Amino acid sequence: MSVEFIDTNVLVYAHEGGAGAKHDRAVDLLARLFEDANGALSIQVLSEFYSVATKKLAMKSEETEEVISDLGAWIVHRPGHADLLKASRLHRRYKISWWDALVLNSAIEVGCSVLWTEDLADGQRYGSVVVRNPFR
(Lines give C-alpha, C1' and ligand atoms only; values in the text may rest on other atoms or scores of the structure.)
Protein backbone atom coordinates (compact mmCIF):
# COMPACT_ATOMS: atom_id res chain seq x y z
CA MET A 1 0.00 0.00 0.00
CA SER A 2 1.30 3.41 -0.97
CA VAL A 3 0.81 6.23 1.53
CA GLU A 4 -0.26 9.63 0.16
CA PHE A 5 0.29 12.94 1.97
CA ILE A 6 -2.23 15.78 1.92
CA ASP A 7 -1.24 19.44 2.19
CA THR A 8 -3.39 22.06 3.88
CA ASN A 9 -4.82 23.51 0.66
CA VAL A 10 -6.53 20.20 -0.16
CA LEU A 11 -8.29 20.16 3.21
CA VAL A 12 -9.31 23.79 2.86
CA TYR A 13 -10.83 23.31 -0.60
CA ALA A 14 -12.66 20.19 0.59
CA HIS A 15 -14.43 22.34 3.19
CA GLU A 16 -14.92 25.46 1.09
CA GLY A 17 -18.24 24.95 -0.63
CA GLY A 18 -17.77 27.88 -2.99
CA ALA A 19 -14.53 26.51 -4.44
CA GLY A 20 -16.29 24.83 -7.39
CA ALA A 21 -14.23 22.19 -9.19
CA LYS A 22 -11.44 22.43 -6.61
CA HIS A 23 -13.94 21.57 -3.89
CA ASP A 24 -15.21 18.56 -5.83
CA ARG A 25 -11.71 17.25 -6.59
CA ALA A 26 -10.56 17.72 -2.99
CA VAL A 27 -13.64 15.92 -1.63
CA ASP A 28 -13.14 13.03 -4.08
CA LEU A 29 -9.46 12.72 -3.16
CA LEU A 30 -10.14 12.71 0.57
CA ALA A 31 -12.94 10.17 0.14
CA ARG A 32 -10.61 7.85 -1.78
CA LEU A 33 -7.87 8.17 0.82
CA PHE A 34 -10.32 7.41 3.64
CA GLU A 35 -11.70 4.44 1.71
CA ASP A 36 -8.23 3.08 0.90
CA ALA A 37 -6.94 3.92 4.41
CA ASN A 38 -3.70 5.34 3.03
CA GLY A 39 -3.84 9.05 3.86
CA ALA A 40 -1.19 10.94 5.78
CA LEU A 41 -0.66 14.48 7.02
CA SER A 42 1.17 16.31 9.77
CA ILE A 43 0.49 18.35 12.87
CA GLN A 44 1.54 21.38 10.81
CA VAL A 45 -1.16 20.66 8.20
CA LEU A 46 -3.81 20.14 10.88
CA SER A 47 -2.78 23.37 12.63
CA GLU A 48 -2.86 25.39 9.42
CA PHE A 49 -6.23 23.89 8.53
CA TYR A 50 -7.71 24.81 11.92
CA SER A 51 -6.53 28.40 11.52
CA VAL A 52 -7.87 28.81 7.97
CA ALA A 53 -11.11 26.94 8.65
CA THR A 54 -12.07 28.99 11.69
CA LYS A 55 -11.06 32.31 10.13
CA LYS A 56 -11.40 32.30 6.34
CA LEU A 57 -14.07 29.57 6.10
CA ALA A 58 -15.86 30.76 9.26
CA MET A 59 -16.31 27.17 10.47
CA LYS A 60 -17.22 26.78 14.11
CA SER A 61 -14.33 25.54 16.23
CA GLU A 62 -16.33 22.45 17.22
CA GLU A 63 -16.92 21.55 13.57
CA THR A 64 -13.24 22.07 12.75
CA GLU A 65 -12.25 19.97 15.74
CA GLU A 66 -14.48 17.16 14.46
CA VAL A 67 -12.73 17.23 11.06
CA ILE A 68 -9.34 17.11 12.78
CA SER A 69 -10.54 14.25 14.97
CA ASP A 70 -11.64 12.24 11.91
CA LEU A 71 -8.25 12.80 10.28
CA GLY A 72 -6.62 11.20 13.30
CA ALA A 73 -7.43 7.86 11.65
CA TRP A 74 -4.69 8.66 9.12
CA ILE A 75 -0.95 8.61 9.67
CA VAL A 76 -0.16 11.87 11.47
CA HIS A 77 3.48 12.97 11.46
CA ARG A 78 4.53 14.80 14.59
CA PRO A 79 7.74 16.64 13.69
CA GLY A 80 10.48 16.86 16.27
CA HIS A 81 13.73 18.76 16.53
CA ALA A 82 15.56 16.52 14.05
CA ASP A 83 12.76 17.09 11.53
CA LEU A 84 13.35 20.83 11.65
CA LEU A 85 16.98 20.27 10.76
CA LYS A 86 16.05 17.94 7.89
CA ALA A 87 13.50 20.46 6.62
CA SER A 88 16.17 23.15 6.75
CA ARG A 89 18.34 21.05 4.44
CA LEU A 90 15.39 20.49 2.08
CA HIS A 91 14.71 24.23 2.11
CA ARG A 92 18.30 24.97 1.03
CA ARG A 93 18.65 22.08 -1.41
CA TYR A 94 15.43 22.60 -3.34
CA LYS A 95 14.99 26.35 -2.75
CA ILE A 96 11.39 25.88 -1.61
CA SER A 97 9.59 27.80 1.12
CA TRP A 98 10.23 26.87 4.72
CA TRP A 99 6.63 25.73 5.20
CA ASP A 100 6.75 23.57 2.06
CA ALA A 101 10.05 22.08 3.27
CA LEU A 102 8.38 21.10 6.55
CA VAL A 103 5.49 19.47 4.66
CA LEU A 104 7.87 17.69 2.29
CA ASN A 105 9.96 16.40 5.18
CA SER A 106 6.85 15.02 6.87
CA ALA A 107 5.85 13.25 3.64
CA ILE A 108 9.33 11.73 3.40
CA GLU A 109 9.39 10.71 7.06
CA VAL A 110 6.16 8.71 6.84
CA GLY A 111 7.22 7.03 3.61
CA CYS A 112 4.76 8.68 1.22
CA SER A 113 5.01 8.17 -2.51
CA VAL A 114 2.74 11.13 -3.34
CA LEU A 115 2.40 14.63 -1.90
CA TRP A 116 -0.90 16.25 -2.91
CA THR A 117 -0.51 20.02 -3.04
CA GLU A 118 -0.93 22.99 -5.34
CA ASP A 119 2.04 24.76 -3.75
CA LEU A 120 4.82 22.83 -5.51
CA ALA A 121 5.32 21.94 -9.17
CA ASP A 122 3.10 19.09 -10.36
CA GLY A 123 5.24 16.08 -11.26
CA GLN A 124 8.31 17.34 -9.37
CA ARG A 125 10.16 14.49 -7.68
CA TYR A 126 11.87 14.93 -4.32
CA GLY A 127 13.64 11.62 -3.74
CA SER A 128 10.92 8.97 -3.46
CA VAL A 129 8.11 11.55 -3.19
CA VAL A 130 6.37 12.92 -6.28
CA VAL A 131 4.21 16.04 -6.12
CA ARG A 132 0.73 15.86 -7.59
CA ASN A 133 -1.60 18.81 -7.96
CA PRO A 134 -5.14 17.47 -7.53
CA PHE A 135 -6.59 20.56 -9.22
CA ARG A 136 -4.85 20.18 -12.62
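Given the structure is predicted, the values throughout are model-derived calculations rather than measurements. (Residues numbered from 1 in each chain as written. Predicted model: local features only at pLDDT ≥ 70, side-chain atom pairs only at ≥ 80, totals over all residues. Heavy atoms only, no water.)

A separate point is the overall build of the protein chain. Helix and strand counts for the protein chain stand at 6 helices and 6 strands. Across the protein chain, helices and strands are ordered from the amino to the carboxyl terminus as β-α-α-β-α-α-β-α-α-β-β-β. Expected size for 136 residues packed as a compact globule is a radius of gyration near 14 Å; at 14 Å, the protein chain falls within 12% of this value. Out of the 136 residues in the protein chain, the part that is buried amounts to 45%. Look at the contacts in the protein chain between residues 6 or more apart in sequence, and 57% of them connect residues 24 or more apart. Counting only carbon and sulfur atoms, one obtains 51% of the accessible surface of the protein chain, whose full area is about 7,100 Å². Side chains of the protein chain carry 15 positive and 19 negative charges; the gap between the two charge centres is 10 Å. (Helix = DSSP H or I, 4+ residues; strand = E, 2+ residues; numbered from the N terminus. Rg over C-alpha atoms; globule rule 2.2 N^0.38 Å. Buried < 20%, exposed > 50% of the residue type's maximum accessible area, 1.4 Å probe, protein only. Contact = heavy atoms within 4.5 Å. Areas by Shrake-Rupley, 256 points an atom, 1.4 Å probe, with all protein chains shown as cover. Lys, Arg positive; Asp, Glu negative; His and termini not counted. Charge placed at Lys NZ, Arg CZ, Asp CG, Glu CD.)

With that settled, the discussion passes to the sheet that holds strand S4 (residues 112–116). Backbone hydrogen bonds hold the strands of a sheet together, and the pairing may be parallel or antiparallel. One open sheet accounts for 6 strands, arranged S3-S2-S1-S4-S6-S5; its pairing is mixed. What marks the edges here is a single partner per strand, and that holds for strand S3 (75–77) and strand S5 (125–126). Summarising the sheet, strand S2 (residues 39–42) and S3 pair through 3 bridges and their orientation is parallel. Each bridged residue has a counterpart across the sheet, and for Ala-40 the counterpart in S3 is Ile-75. (Pairing = 2+ DSSP bridges.)

Along the chain, the position of Thr-64 falls in helix H4 (residues 61–71). Those residues within four positions of Thr-64 in sequence are excluded, and the remaining contacts are Phe-49, Tyr-50, Ala-53, Thr-54 and Met-59.

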